[in-house]
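Summary of the model geometry
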Amino acid sequence: MRKILTASFFNRDTSIVAQELLGTFLVRKIGNKEIAAMITQTESYDGLHDLASHASKGRTTRTEVMFGKPGIFYVYLCYGMYFMLNVVTREYGYPAAVLIRGVQGYNGPGKLTKFFGIDKSLNGLVAEKSTGLWFEDRGVAVSKSHIQKLPRMGVAYAGPVWSAKKLRFVLLV
DNA sequence: ACGATGATGAAC
DNA sequence: TTCATCATCGTA
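Quick summary incoming for the structure in this document. What you see is a predicted model, and the numbers here were worked out from it, not measured in a lab.

A short note on the protein's contact with DNA strand C
Surveying the vicinity of DNA strand C reveals 18 residues, the closest of which are Met84, Asn86, Gly108, Gly154 and Tyr157. Among the atoms of DNA strand C close to the protein, meaning within 4 Å, 63% are from sugar or phosphate groups. Arg101 has a polar side-chain atom sitting 3.2 Å from a phosphate oxygen of DNA strand C. Of all the secondary-structure elements, those providing two or more residues to the surface near DNA strand C are β5 (82–88), β6 (96–103) and α3 (109–115).

Points about the pattern of salt bridges
Under the counting rule described, the total for this entry stands at 7 salt bridges. As a salt-bridge pair, Arg138 and Glu136 come within 2.8 Å of each other at their nearest N and O atoms. According to the relative accessible area criterion, Arg138 is partly exposed, its value standing at 22%. Taken together, the shared-partner salt bridges connect Asp46, Arg90 and Glu91 into one network.

Here's the deal with the protein's contact with DNA strand B
What surrounds DNA strand B is the set Lys57, Thr60, Thr61, Arg62, Leu77, Tyr79, Gly80, Met81 and Lys120. Counting only the atoms of DNA strand B within 4 Å of the protein, the fraction contributed by sugar and phosphate is 63%. Residue Thr60 places a side-chain N or O atom 2.4 Å away from a phosphate oxygen belonging to DNA strand B. At 3.3 Å from a phosphate oxygen of DNA strand B is found a main-chain nitrogen or oxygen belonging to Arg62.

As for the pairing of strand β8 (residues 133–137)
Of all 5 residues in β8, 5 are buried; the element is thus mostly enclosed. Residues Leu133, Phe135 and Asp137 point to one face of β8 and Trp134 and Glu136 to the other, with burial holding for every one of them. As defined by bridge partners, strand β2 (residues 25–30) adjoins β8 across 4 bridges and the pair is classed as antiparallel. Across the sheet, Val27 pairs through a bridge with Trp134, a residue of β8.

Looking at the nonpolar core
Grouped together as the largest cluster of nonpolar side chains are 31 residues, with contacts concentrated most on Leu21, Leu26, Ile100 and Phe135. For Leu21, the residues in contact, after removing those within four places along its chain, are Leu5, Phe9, Phe10, Ile39, Thr42, Val87, Val98, Ile100 and Phe135. Of all hydrophobic cores here, the second largest spans 16 residues; its members include Ala55, Val65, Met84 and Ala158.

Things to note about the side chain of Asp46
Along the chain, the position of Asp46 falls in strand β3 (residues 33–46). Within the structure, Asp46 has its side chain in polar contact with the side chain of Tyr94 (distance 2.7 Å). Not counting the four nearest positions on each side in its chain, Asp46 is found in contact with Thr14, Arg90, Tyr94, Pro95 and Ala96.

Focus on the packing of aromatic side chains
In total, this model carries 6 aromatic pairs according to the counting rule given. Measuring from centroid to centroid gives 5.1 Å for Phe9 and Phe10, while their planes differ by 80°, and the two rings are edge-to-face. Assessed through its relative accessible area of 14%, Phe9 is described here as buried. An aromatic cluster of at least three residues, connected via ring pairs, comprises Phe9, Phe10, Phe73 and Phe135.

Cut-off values and rules
Residues numbered from 1 in each chain as written. Chains lettered and ligands numbered in written order. Predicted model: local features only at pLDDT ≥ 70, side-chain atom pairs only at ≥ 80, totals over all residues. Heavy atoms only, no water. Near = heavy atom within 4 Å. Polar contact = N/O pair within 3.5 Å; in protein donor to acceptor, adjacent residues only side chain to side chain. Helix = DSSP H or I, 4+ residues; strand = E, 2+ residues; numbered from the N terminus. Salt bridge = Lys/Arg side-chain N within 4 Å of Asp/Glu carboxyl O. Buried < 20%, exposed > 50% of the residue type's maximum accessible area, 1.4 Å probe, protein only. Pairing = 2+ DSSP bridges. Core = buried A, V, L, I, M, F, W, Y, C linked by side-chain atoms within 4.5 Å. Contact = heavy atoms within 4.5 Å. Phe/Tyr/Trp six-rings, centres within 6.5 Å; stacked < 30°, edge-to-face > 60°.

Set out below in structure tokens:
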């Protein structure tokens, strides 16, 4: 079973999407080469009130895509070196996204984007086959007991309340 | 524990 | 136009 995830999958509660993304595959096609890896770690960033989210600063040139349609990519450069891959969730106009923090074999968001050849040119594009990067449900069953909930990483600046929230989801293998 | 390295947003 | 800040990683 191979089902490509579309807008209706992403147009839901952000932490539900973040959890259901675990066990699905991130697929990248460059030319006629196709690579895929199972997603094992995600983080949820939801709404203007979430101080850890870039969108908490409001609508800016950088955060604009987070207000966009569900199922588009939000890619940005971090620490001048690494690209971060996010997928926009919720309805158009509501700022929310899921950070793809790790796939099987490549933990760490900077490493996985390097491995998949992801850069800013994908920012704002729809996750579908024609883009060359999309999400696929390959029928891996993930039970709730195999999902670990932890605080998000590197978000101490968001203050004690928001940095403590368990919005990082890890798939136990 | 820390430096590399550059886009970003806010202040001036 | 300048400044502080950062959703990281590899080397110490």
